[in-house]
Amino acid sequence: GNKAWYLTLYSSAVTSVVGVYFGWMVFCHGFQEVFSMESALTRGVAWFFLAYCLMDLITGRADYRSDMEYDSGTWHHICYVFILIVLLAGGHTAIFAACLVEEIPTLYLSVTRVNRKTELPLAFACLFFTTRLVFHAVAAYAVLEVSVTFFLIALVLLRQHMLWFGKWWSSHGMQAHVQMTLYKKLGLLGGMVVVQICTHVWLLTNHLARGEIRAALTTEVFHICACLYFTVELLKIVQGSYRKGFIHGAIEEWSIIYNVSWEDPAIEIEALGFNDEDVVLTISSAGCNVLDYLVEGVKHVVAADLNVAQLAMLDLKLAGIKTLSHEQFFALWGRSDNWVFEEVYHSVLRPHLRREESKEFWDKNGTSLFENNIMFAGTSGLMAKLFSITAQLTGAAALLQRRTKPAGKNKVTEMAIDACSYIVSRPWLNSWLAPLGGIPDQQLALMSSRPDKVLSRFKEIVQTRMWQADNYFYYGYLVGVFSQDCCPRYMSKEHFHKLQDRIDRVTLCHGTFADAAKLRNDFTVLSLLDAMDWMPTEIIADTFAQLIPQVNRPKCRIFWRSLADYVHSPALAHLEIKEVETYDRVGWYLSQWVATVPEHYNPKALAAKPQTQILSNTLLQDAKVAAILVAYGISSKEKDAAKFYAAQGELYDGFRESMLKDRDTLLRWAVPWTEPIKTWVSVGCGTARDVEFVVDQAKQWNTKIFLCDLSPALLKMARARVERLGLEDQTTFVEGDITKPEIQRLLPSEGCDLVTCSYCVTMIPDWLTALQSMKSMLRVGGLMGIVDFTSRARDGRAERFLRWWFAHDGVWFNRGHLDWLKGNLATVWVEEGSNRMPYTPLRPGHYVFVGRR
């Protein structure tokens, strides 16, 4: 796309020069006078920018279609072409010229891109904010005196500018190259938001106060609503940047996130049966679980963490166990006595720190952290402080110290339950509080999917769990210190001497699980804590692809806990899994799991990457396909699916790429390619797009592939794709209807390892026969994978409309499909979701299912 950036550089340089001139005129004479300065210059620059938009659209489509973003490229240019035509026709190009100062950030951006730099510094954000937000808002209200239509267009553009501004903060502003602390970044962003909100309020009040243009009440209400809307949009930018930057910013800045590991180690110790031959790979976090494993006497623990600060906490604890008395160690970590740190750090502890980064961290932060109470340090410490203040005010802290549980209904529990109910029922509040607990967006989404269960669990915690005599998690956070009889096991005097003999059994690793796994090849325990909640499926798969080769398979046990009450990723579902039915002291996690590695588990399949092409159509090409769909839907003739697909030809894949979601999820992750799959039948294969997702897996297992479809046009494209992928010697093509006996005879019978069907069952009138035919091909233990549309459980007007709309194109939504699959096959993986259809607000439901015969 470098050619396009040179074009943008030329355009933005010209328009910026003109924009500075007219910006000065606005400063000297005001908007209204400049708006009346229609001239050959204003018309010329309007024609110039219109020509640029058209040229960039053409260049983009020809040379870098895959890099051209919809909102900043296609949509932006088409929108401006329309606006400029209107302005030229109406003789209002002076309005456009008066706003051209907003092109200065584009000039900055194009210079950066021409020099092949990817980072956009803070100076760009400040320019963008000043011109595209503040100046644009003022100009929008000025143009209101010329035309309400132009004012509305200006508001639409302002919203787009806000989206881009938010995108910069999330993709650039929170990155390390912007040399500011997280709090300063958020402070600067917050200041910008306040300035913009004040600008909106000032413009609104100034407009409403001017009696000569005072509008009707409905118009004034509209202006107030617009002001409130943009205020909310700005706050969303702050929220989004805060959520994305809080945890990652803490890691980059060497800040503590977790001052206590809020995951009960007693659960995995009991569930996995730790012994003195176990080699454990786990997360460092605050070091609590690592040291608890040492108490059990394991052979070795490798503790990995991406955060230098978390490793520094464990490092200092190990040094303290080695060199301090139990009284000193407990005073330091149980009561955060700063005098102990001041007395022993430089002379005793520092020489025994293993990592230079740990020394640097404690040299800089040690005194302040212990002086202000280590229990309230870091992002989770801020949450602990809020808990502690609340507990002090309600009397809960005093009750905990006396080991007294409130009897019956009481003010303490009722207030806590009311607070939990309020938070859980308001997702916007969850999203603000979650980072304080070190909960990323992926994990928050799991929690938010089960609000009733989460609320029920919170109530149980407040009423029962937190009052247990040995529940040091809540005691420490609510009281602010640990006590000798309510603390983690590694702090107790009983186990201190054991730890002193075993501290050399710990290895610290700054990196991921995969990095740490390279240090040994005899791991018997993978204690993953809640890390799987943090990762998307692809990263989970990549992680296991690197972990499994480093374990002792016959002895290996894997443990993780989750805020979901189900196995939330298909990459985990192919292990031999058992849920741990036990009562942990934390209570936040809705499930905990133990797994072993199946005998024929092949981790290489997890690391395989798809050989997919980027498929997209132009707007006109999509319109052509849409016209074919409409014609097919309204035709009174008998539906001919073969002709229907032939008419779409090469445009078939591009149109459906963004509509038919989760085909990659089905093929790459839900189907367990970790086990041998020697025969695969793809029913309704279309153009063989599905095959691209699993080329390496098919080659690894030398899979015999049968591609079946009733359209010769689509099979022709499928054949070309298979040849390009190098799978022609493994593939057989079958043309025909799967429900016909003569076609079934051409396919494997009762010996197939895998049968799949992507978005096809809903197009088969006799779907039951089709599903039964697919099942009949499977061997015992064989797999059947389906991804398709479905009606969601709640049947409202939207669902009824979707069924009616899709039925016109021969697609029949029927929840009975999924019910039949669940009832006739042993479920390996099932999930449901929805996705917005291109160019519409419609969100049809779909499911992914894999079952075993």
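Description of the structure in this document. (Residues numbered from 1 in each chain as written. Predicted model: local features only at pLDDT ≥ 70, side-chain atom pairs only at ≥ 80, totals over all residues. Heavy atoms only, no water.)

Focus on the overall build of the protein chain
No. 1: When its secondary structure is counted, the protein chain shows 39 helices and 14 strands.
No. 2: With 853 residues in all, the protein chain has 56% of them scored as buried. (Helix = DSSP H or I, 4+ residues; strand = E, 2+ residues; numbered from the N terminus. Buried < 20%, exposed > 50% of the residue type's maximum accessible area, 1.4 Å probe, protein only.)

A few points about empty space enclosed by the protein
Remark: the empty space left among the atoms is shown by a probe the size of a water molecule rolled over them.
No. 1: Here the structure, examined in full by the defined rule, presents four cavities of 30 Å³ or more.
No. 2: If you add up the space inside the largest cavity, you get close to 360 Å³.
No. 3: What lines the largest cavity is a set of 23 residues, among which Tyr80, Phe96, Cys99, His136 and Leu157 lie closest to the centre.
No. 4: Contributions of two or more residues to the lining of the largest cavity are made by helix H4 (70-90), helix H5 (93-98), helix H7 (122-143) and helix H8 (148-173). (1 Å grid on protein atoms, 1.4 Å probe; cavity = no way out; pocket = protein on both sides within 12 Å on 5 of 7 lines; lining within 4 Å. Points joined across faces, edges and corners; volume = space filled by probe spheres on them.)

Description of the sheet that holds strand S4 (residues 525-527)
No. 1: Ordered in space as S3-S2-S1-S4-S5-S7-S6, the seven strands form an open sheet in which the pairing is mixed. Each having just a single partner strand, strand S3 (506-510) and strand S6 (576-579) make up the two edges of the open sheet. Here the strands of the sheet are splayed against their neighbours by 20° on average, with no regard to which way each runs.
No. 2: Pairing between strand S1 (residues 279-283) and S4: three bridges, direction parallel. By the bridge assignment for S4, Leu281 is matched with Leu526.
No. 3: In the packing of helix H11 (residues 265-272) onto the sheet, the strands contacted are S4, strand S5 (557-562) and strand S7 (591-596), and the crossing angle to S5 comes to about 145°. (Pairing = 2+ DSSP bridges. Axes fitted to C-alpha atoms, helices over the stretch in contact; angles between N-to-C directions. Contact = heavy atoms within 4.5 Å.)

Regarding the state of the cysteines
No. 1: With the rule as written, the count across this model stands at zero disulfides.
No. 2: Cys486 carries a free sulfur, and the closest cysteine sulfur to it, the one in Cys487, is 7.3 Å from it.
No. 3: No disulfide involves Cys708; its nearest neighbouring cysteine sulfur is the one of Cys685, lying 7.0 Å away.
No. 4: Relative accessible area serves as the criterion here: at 1%, Cys708 is assigned to the buried category. (Disulfide = S-S within 2.5 Å.)

Description of the packing of aromatic side chains
No. 1: One pass over the structure, following the stated rule, counts 38 aromatic pairs.
No. 2: The interplanar angle of 75° and the centroid separation of 5.6 Å between the aromatic rings of Tyr10 and Phe48 together place this pair among those described as edge-to-face. With Tyr10 in helix H1 (residues 2-29) and Phe48 in helix H3 (residues 40-63), this residue pair connects regions lying 38 residues apart in the sequence.
No. 3: Its relative accessible area of 21% is what places Phe48 among the partly exposed residues.
No. 4: Seen from their ring centres, Phe789 and Phe813 are 5.4 Å apart, and the 20° between their planes marks the pair as stacked. Of the two residues, Phe789 sits in strand S12 (residues 778-790) while Phe813 sits in the loop between helix H38 (797-807) and helix H39 (816-824), which places them 24 residues apart along the sequence. Each of the two residues, Phe789 as well as Phe813, counts as buried.
No. 5: One aromatic cluster is present, built from ring pairs that chain together Trp262, Tyr472, Phe473, Tyr474, Tyr477, Phe482 and Trp588.
No. 6: Of note, Lys317 hangs over the ring of Trp333, and the distance from its end group to the ring centre comes to 4.9 Å. (Phe/Tyr/Trp six-rings, centres within 6.5 Å; stacked < 30°, edge-to-face > 60°. Lys NZ or Arg CZ within 6 Å of the ring centre and 35° of its normal.)

Structural notes on the nonpolar core
No. 1: Of all hydrophobic cores here, the largest spans 122 residues; its most connected members are Trp333, Trp362, Phe544 and Ile558.
No. 2: Counting residues per element, this core draws most heavily on helix H13 (residues 308-323), at nine residues.
No. 3: Discounting chain neighbours no more than four positions away, the residues touching Ile558 are Leu272, Leu526, Leu528, Phe544, Ile548, Leu575, Trp593, Val594, Ala595 and Val597.
No. 4: Among the nonpolar cores identified, the runner-up in size contains 66 residues, and Tyr52, Phe135, Leu144 and Ala226 belong to it. (Core = buried A, V, L, I, M, F, W, Y, C linked by side-chain atoms within 4.5 Å.)

Description of unusual backbone geometry
With the exception of glycine, the majority of residues adopt a negative phi angle, and the majority of peptide bonds are in the trans configuration.
No. 1: In the Ramachandran plot, Ser285 falls in the positive-phi region, its phi being about 50° despite a non-glycine side chain.
No. 2: Position of Ser285 among the secondary structure elements: in the loop between S1 and helix H12 (288-295).
No. 3: Overall, the relative accessible area of 9% leaves Ser285 in the buried class.
No. 4: The residue Ala688 is not glycine, and still its phi comes out positive at about 65°.
No. 5: With respect to the element layout, Ala688 can be found in the loop between strand S8 (679-683) and helix H33 (689-692).

A closer look at the packing of helix H14 (residues 326-333) against helix H15 (residues 338-349)
No. 1: Where H14 contacts H15, the two axes come as close as 10 Å, and the packing angle between them is 120°. The element H14 and its partner H15 pack so that their crossing is left-handed. Facing H14, whose interface residues are Gln328, Ala331 and Leu332, H15 presents Val340, Phe341, Val344 and Leu349.
No. 2: Considering only residue class, the contact of H14 with H15 consists of six nonpolar, one polar and no charged. (Left-handed = near helix turned anticlockwise from the far one by under 90°. Nonpolar A, V, L, I, M, F, W, Y, C, P; charged D, E, K, R; others polar.)

Description of the pattern of salt bridges
No. 1: On inspection of all chains with the given rule, the structure shows 26 salt bridges.
No. 2: Residue Asp565 pairs with Lys453 through a salt bridge whose shortest N-O separation is 2.5 Å. In this pair, Asp565 is assigned in the loop between S5 and S6 and Lys453 in helix H22 (residues 451-463), connecting sequence segments 112 residues apart.
No. 3: Across the pair Arg779 and Asp753 runs a salt bridge whose closest N-O atoms are separated by 2.4 Å. Residue Arg779 is located in strand S12, and its partner Asp753 is located in strand S11 (residues 752-758); the two are separated by 26 residues in the primary sequence.
No. 4: Arg779 sits in the partly exposed class, given a relative accessible area of 28%. (Salt bridge = Lys/Arg side-chain N within 4 Å of Asp/Glu carboxyl O.)

Overview of the sheet that holds strand S9 (residues 704-709)
No. 1: Taken together, seven strands build an open sheet; the order of strands is S10-S9-S8-S11-S12-S14-S13 and the sheet is mixed. Here the strands that pair on one side only, and so sit at the sheet edges, are strand S10 (731-735) and strand S13 (826-834). Mean inter-strand twist for the sheet, computed between neighbouring axes without regard to direction, equals 10°.
No. 2: Strands in contact with helix H35 (residues 712-725) are S9 and S10; relative to S10, the strand with the most contacts, it is inclined by about 175°.
No. 3: Sheet contacts for H39: S12, S13 and strand S14 (845-852); angle to S14, the most-contacted strand, approximately 20°.

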